[in-house]
Amino acid sequence: MNRKVRIISAFVTLMAITFSLAIINSMLTSTAYAQEQYSFLMKWGNSGRGIGSFSQPLEIAIDSNDNVYVTDFTALSNQIQKFSNDGTFLQSWGSLGFGAGHFANPTSIATDSDNNIYVTDFGDPSFAVQKFTSNGTFLRSWGGQGLGNGQFINPAGIAVDSDGYVYVADFGENNHVIKFDGDGNLINEWGTPGTDNGQFITPTDIAIDSENNVYVGDSGNDRIQVFDSNGNFIRKFGTSGSGDGQLDAIGGIAIDSSDNIFVSDSVNDRIQVFDSNGNFIRKFGTSGSGDGQFDIPTGIAIDSQGKVFVVDQGNHRIQVFGLS
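Just so it is clear, the model here is predicted, and its values are computed rather than measured.

## Observations regarding the overall build of the protein chain
Across its full length, the protein chain carries one helix and 31 strands. Scored against the burial criterion, the 324 residues of the protein chain give a buried share of 52%. Of all intrachain contacts in the protein chain linking residues separated by at least 6 positions in sequence, the fraction that spans at least 24 positions is 45%. If you sum the accessible surface of the protein chain, you get close to 13600 Å²; carbon and sulfur atoms cover 50% of it.

The structure is reproduced here in structure tokens:
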């Protein structure tokens with residue numbers, strides 16, 4: 001066998017070994033994913049308007065100290081409630097009205113690296129983003145209703161990237177994403193109504209991964225669309241239905257430290273988990289009011305320990321899950 005043939009033979013053998021190892025690794029990874037399950041850990045909340053109770057809880061955020069913030073969409077007072085990681089009530093702020101610290105319908109909530117809190121207000125006459133310290137001290141607001149640059153029709157999902165830029169999913173006539181700096185100055189906008197890549201029908205929530213890619217819950221199209229931080233389309237995943245990887249109304253999105261994507265599949269009363277490429281990994285939750293069951297799961301957030309916090313809207317509570 002001459003030298004050229006030996007080299008080619010060795011290369012082919014190496015490729016075969018590499019391919020076999022890749023298959024084995026994929027099988028081991030899939031098996032590990034299949035064996036891991038999210039189990040119910042705890043819950044708090046009930047129906048009501050008092051401290052620690054919820055009228056219509058909608059979205060959730062967790063700061064760097066693992067404190068938990070929940071918006072209550074139809075509450076007349078205590079519209080933003082802050083809890084410790086174990087569900088102990090810490091404080092609340094917000095009451096029905098217009099102006100600093102008041103909300104028509106507080107919708108989504110997000111935190112930045114300095115633990116400032118951002119809240120979208122979806123309702124007349126506000127249609128704005130309000131920014132607070134972690135103790136609820138008002139800092140600033142921006143937006144307003146309209147079709148102009150930096151204005152909103154129905155501001156819904158909100159997220160903040162590692163550079164402090166703020167992204168808002170706005171649905172209605174706009175059906176787009178708006179990017180601001182932390183002071184509310186307009187940076188960029190993208191999206192139009194429709195079903196093509198980069199178009200939306202009712203974008204409801206938004207999340208950011210470790211590379212500052214932007215994941216948008218395109219709820220009316222039952223899919224997640226992924227963009228870079230400048231709004232360039234990268235990929236999409238999800239279709240309409242109730243099977244694995246299929247979605248029926250997206251209530252919330254969260255991303256863990258490994259860039260796995262957690263989606264509140266609201267009508268299907270479950271949480272679905274995808275890898276960073278949009279491949280289905282697992283699901284948990286069924287319809288009902290028992291522990292680990294849901295009645296319209298909406299907001300979702302993940303703490304520093306990897307625990308998953310879910311707003312169980314119809315059951316007026318927060319449920320917490322962990323890998324077992």
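Having seen the model, we can carry on.
## Description of the sheet that holds strand β19 (residues 223-227)
Spatially, the four strands line up as an open sheet ordered β17-β18-β19-β20, and their pairing is antiparallel. Edge strands, defined here as strands with exactly one partner in the open sheet, are β17 (203-208) and β20 (233-237). Neighbour to neighbour, the strand axes of the sheet diverge by 20° on average, direction disregarded. Sheet analysis places strand β18 (residues 214-218) next to β19, joined by five bridges and oriented antiparallel.

## A look at the sheet that holds strand β25 (residues 270-274)
Spatially, β23-β24-β25-β26 is the arrangement adopted by the four strands of the open sheet, whose pairing is antiparallel. Among the strands making up the open sheet, the edge pair consists of β23 (250-255) and β26 (280-284). If you compare each strand with its neighbour and ignore which way they point, the axes differ by 20° on average. Judged from the five bridges that link them, strand β24 (residues 261-265) and β25 form a sheet pairing that is antiparallel. What sits directly across from F262, in β25, is V273.

## Some details on unusual backbone geometry
Phi at D259 takes a positive value of approximately 65°, unusual for a residue other than glycine. Along the chain, D259 falls in the loop between β23 and β24. Owing to a relative accessible area of 12%, D259 belongs among the buried residues under this scheme. For D269, which is not glycine, the phi dihedral falls at a positive 50°. Locating D269 in the fold gives a position in the loop between β24 and β25. For D269, a relative accessible area of 9% corresponds to the buried category.

Calculation criteria
- Residues numbered from 1 in each chain as written.
- Predicted model: local features only at pLDDT ≥ 70, side-chain atom pairs only at ≥ 80, totals over all residues.
- Heavy atoms only, no water.
- Helix = DSSP H or I, 4+ residues; strand = E, 2+ residues; numbered from the N terminus.
- Buried < 20%, exposed > 50% of the residue type's maximum accessible area, 1.4 Å probe, protein only.
- Contact = heavy atoms within 4.5 Å.
- Areas by Shrake-Rupley, 256 points an atom, 1.4 Å probe, with all protein chains shown as cover.
- Pairing = 2+ DSSP bridges.
- Axes fitted to C-alpha atoms, helices over the stretch in contact; angles between N-to-C directions.

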